[in-house]
Amino acid sequence: MFHSLQSGHFKRIIANFALMNKRGTITGSAAPSGRDTALDVLRIAAAVAVVWLHASSQHFVESFPTALWTVRVAGNCLSRWCVPVFLMISGALFLDKGRKLSLGHLYGKNLLHIVVAFFIWSYVYSFQQVNAGPWRKSLALLLQGPSHLWFLKMLAGIYIAVPVFRAVTATKQMERYFIVLAVATTFVVPFGFTLAKQHCDPAVLMPVKRFYDSLFIHTAAGYSGYFVLGHYLRAYPLPSRWRRWCYAAGLAATVIMIAGTIGYSHRSHKAVNWFINYLTPTVLAQAVAVFVLGGHRRPRLHGAWQRWVPAMARLSFGVYLVHVLFIRTAVAHGITSSCIHPALGIPLYTVGITAASVLTAWLLSKIPYARRFLL
């Protein structure tokens, strides 16, 4: 598996990275025509799951340890895959060997789109504070942005490194090595330290953790593990037996997330999120299961669905960007997913916020240049 670490393979990878023509084109054959229906459906599902996630997160801390909090935990754990799957979809598309991608297109369109959208929406969300304060404070607010726009900043960093990731994915063996490295250093080991902190002697554990942290090996992967994994699972489809194992692992991970969050929250006497952070083995297993399930099935669309699904997929990014505005407005008027029992309130809240967000994103898409810079 790891024989690609020999110098000959490294030379091949470096040569592939260097193979750019005078226009700065990253090597690859002609881009495939048409849209990928399976990825479009996954993108729509992930956008709805993001809204569900935020709906179930309301009153997450203050409602502990009531029975309603337990319902919220269960609902929240069902949707933790949403952001990782968004990343995996991007990786499947950007790292596709059959896609031509010039540096000018990558930086002048894809990266510029993310950066401009971040600052515009950051200004929209912090409009009053930015206009009321001195310029230094306003600049700090714009750079910080609302909490859910962290995804855009992280995605911009990954886009900058896309040429490197394309070099890594040039060979299957090197791509496997990167994924193993990412899973071990970003998901497994840090999560192991988090759990060990609850059970082990700090005098023994902390020197080991400090030594591991001093290696800084975890900084080599981060969220890019999802990005590369999305391409790998798309480029090398799993056989049916392995898919079944993925589904079983995803289901087990969801149960562990629910039981672990409830159990350790009661043990710590406060709501904890150790099992539901995006960079944990449990969320990783759940996201892989969803991505494999959605990517394996290639739905055939008929009639109006042939127009609706691609159109909704194109609006999914806009839904992500705008939906918090409607959540804030609803909360300001006393409307939350806790107005009724969360078992019913979370789904209804998700439907309402999603519908308003889709309509808004659609209206914005009709404004000249809005699709390019706002969605």
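On a predicted model such as this, the values are computed, not experimentally measured, just so you know.

Asker: Help me understand the overall build of the chain in this model?
Answerer: Regarding its fold elements, the chain presents 17 helices and 2 strands. Taking 375 residues into account, the globule formula puts the C-alpha radius of gyration at 21 Å, and the chain, at 22 Å, falls close to it. If one aligns the C-alpha atoms of the chain with their principal axes, the spans along those axes are about 60 × 60 × 55 Å. Counting across all 375 residues of the chain, residues that qualify as buried make up 45%. Pairs at least 24 apart in sequence give 82% of the contacts found in the chain among residues at least 6 apart. With an accessible surface of roughly 19,100 Å², the chain has 68% of that area assigned to carbon and sulfur atoms. Here the chain carries 36 positive and 7 negative side-chain charges, and the mean point of each set is 8 Å from the other.

Asker: Before we go on, may I ask you to explain the pattern of salt bridges in this structure?
Answerer: Side chains carrying opposite charge are able to pair once their charged atoms draw close together. Across all of its chains, the model carries 3 salt bridges by this definition. Between aspartate 40 and arginine 43 there is a salt bridge, and its shortest N-O distance comes to 2.9 Å. On the criterion of helical spacing, the pair formed by aspartate 40 and arginine 43 is a turn pair, its members being 3 residues apart in helix α2 (residues 37–57). A single salt-bridge network, built from bridges that share partners, covers Arg35, Asp40 and Arg43.

Asker: What is the right way to read the packing of aromatic side chains from this model?
Answerer: Think of a pair of aromatic rings as described by two things: how far the centres are apart, and how the planes are tilted against each other in angle. Under the defined criterion, the tally for this structure stands at 21 aromatic pairs. Between phenylalanine 94 and tyrosine 159, the ring centres sit 4.7 Å apart and the planes meet at 35°, which makes this aromatic pair tilted. Residue phenylalanine 94 is found in helix α4 (residues 82–94), and its partner tyrosine 159 is found in helix α8 (residues 150–160); the two are separated by 65 residues along the sequence. Overall, the relative accessible area of 7% leaves tyrosine 159 in the buried class. Ring centres 5.6 Å apart and planes at 40° place the aromatic pair tyrosine 264 and phenylalanine 275 in the tilted group. Pair noted here: tyrosine 264 is in helix α13 (residues 240–268) and phenylalanine 275 is in the loop between α13 and α14 (281–296), with a separation of 11 residues, a long-range link. Neither tyrosine 264 nor phenylalanine 275 differs from the other in exposure class; each is buried.

Asker: What is the right way to look at helix α10 (residues 172–199) in this model?
Answerer: The α-helix winds at 3.6 residues per turn, so residues separated by three or four positions along the chain end up facing the same way. End to end, α10 covers 39 Å across 28 residues, agreeing with the expected 40 Å (1.5 Å per residue, within 8%). Along its length, α10 shows its largest kink, about 35°, at alanine 184. Residues of α10 that are buried include every one of Met174, Glu175, Phe178, Ile179, Ala182, Thr185, Thr186, Phe187, Phe191, Phe193 and Ala196, and no others.

Asker: Help me out: how do you make sense of the nonpolar core in this one?
Answerer: One recurring pattern in soluble globular proteins is that nonpolar side chains are buried together. Membership of the largest hydrophobic core comes to 87 residues, with the highest contact counts inside it found for Trp121, Phe151 and Leu152. Residues in contact with phenylalanine 151, not counting those within four places in the same chain, are Val83, Phe86, Leu87 and Tyr320.

Asker: What should I look at first to understand helix α3 (residues 67–77) in this one?
Answerer: Those residues of α3 that fall on the buried side of the exposure criterion are Trp69, Arg72, Val73, Gly75, Asn76 and Cys77. At its buried positions, α3 is contacted by α2, α13, α14 and α16 (342–365).

Asker: Looking at this structure, how should I read the layout of surface pockets?
Answerer: The gaps of empty space that remain are located by a probe, the size of a water molecule, rolled over the atoms. Each pocket or cavity is described by its volume, and for the largest pocket that value is around 1,400 Å³. For the largest pocket, the lining is made up of 43 residues, of which Arg35, Arg43, Leu93, Phe94 and Arg99 are closest to its centre. If you list the elements that add at least two residues to the lining of the largest pocket, you get α2, α4, β2 (101–102), α5 (103–125), α8, α12 (224–235), α15 (305–332) and α17 (370–373).

Asker: Help me understand the packing of α2 against α16 in this model?
Answerer: In a pair of packed helices, the angle between the axes and the distance between the axes together describe the arrangement. Contact geometry of α2 with α16 gives a least axis separation of 9 Å together with a crossing angle of 130°. With respect to α16, the axis of α2 lies oblique. Judged by the sense of rotation from one axis to the other, the crossing of α2 with α16 is right-handed. On α16, the residues touching Val48, Val51, Trp52, Ala55 and Ser56 of α2 are Ile346, Pro347, Tyr349, Thr350, Ile353 and Thr354.

Asker: Sorry, what's going on with a nonpolar patch on the surface here?
Answerer: Together, Val115, Phe119, Trp135, Leu139 and Leu143 make up a nonpolar patch on the protein surface, roughly 480 Å² of accessible area in all. Put simply, the parts of the chain that give the nonpolar patch at least two residues each are α5 and α7 (135–144). Ranked by residue count, the leading element in the nonpolar patch is α7, at 3 residues. Relative to the helices and strands, tryptophan 135 resides in helix α7.

Asker: Mind showing me how you'd approach the state of the cysteines here?
Answerer: Should the sulfur atoms of two cysteines be covalently bonded, the bond is a disulfide. Enumeration according to the criterion identifies 0 disulfides in this entry. Note on cysteine 77: no disulfide assigned, nearest cysteine sulfur contributed by cysteine 82 at a separation of 12 Å. Among the residues examined, cysteine 77 registers a relative accessible area of 0% and is labelled buried. Since its relative accessible area comes to 0%, cysteine 82 is described here as buried.

Reading the values: the criteria
- Residues numbered from 1 in each chain as written.
- Predicted model: local features only at pLDDT ≥ 70, side-chain atom pairs only at ≥ 80, totals over all residues.
- Heavy atoms only, no water.
- Helix = DSSP H or I, 4+ residues; strand = E, 2+ residues; numbered from the N terminus.
- Rg over C-alpha atoms; globule rule 2.2 N^0.38 Å.
- Buried < 20%, exposed > 50% of the residue type's maximum accessible area, 1.4 Å probe, protein only.
- Contact = heavy atoms within 4.5 Å.
- Areas by Shrake-Rupley, 256 points an atom, 1.4 Å probe, with all protein chains shown as cover.
- Lys, Arg positive; Asp, Glu negative; His and termini not counted.
- Charge placed at Lys NZ, Arg CZ, Asp CG, Glu CD.
- Salt bridge = Lys/Arg side-chain N within 4 Å of Asp/Glu carboxyl O.
- Phe/Tyr/Trp six-rings, centres within 6.5 Å; stacked < 30°, edge-to-face > 60°.
- Expected span 1.5 Å × (residues − 1).
- Bend = angle between axes of the 7 residues up to and from the residue.
- Core = buried A, V, L, I, M, F, W, Y, C linked by side-chain atoms within 4.5 Å.
- 1 Å grid on protein atoms, 1.4 Å probe; cavity = no way out; pocket = protein on both sides within 12 Å on 5 of 7 lines; lining within 4 Å.
- Points joined across faces, edges and corners; volume = space filled by probe spheres on them.
- Axes fitted to C-alpha atoms, helices over the stretch in contact; angles between N-to-C directions.
- Parallel < 35°, antiparallel > 145°, perpendicular 65-115°, else oblique.
- Left-handed = near helix turned anticlockwise from the far one by under 90°.
- Patch = residues over 30% accessible without salt bridge, like charges linked within 9 Å, V, L, I, M, F, W, Y side chains within 5 Å.
- Disulfide = S-S within 2.5 Å.

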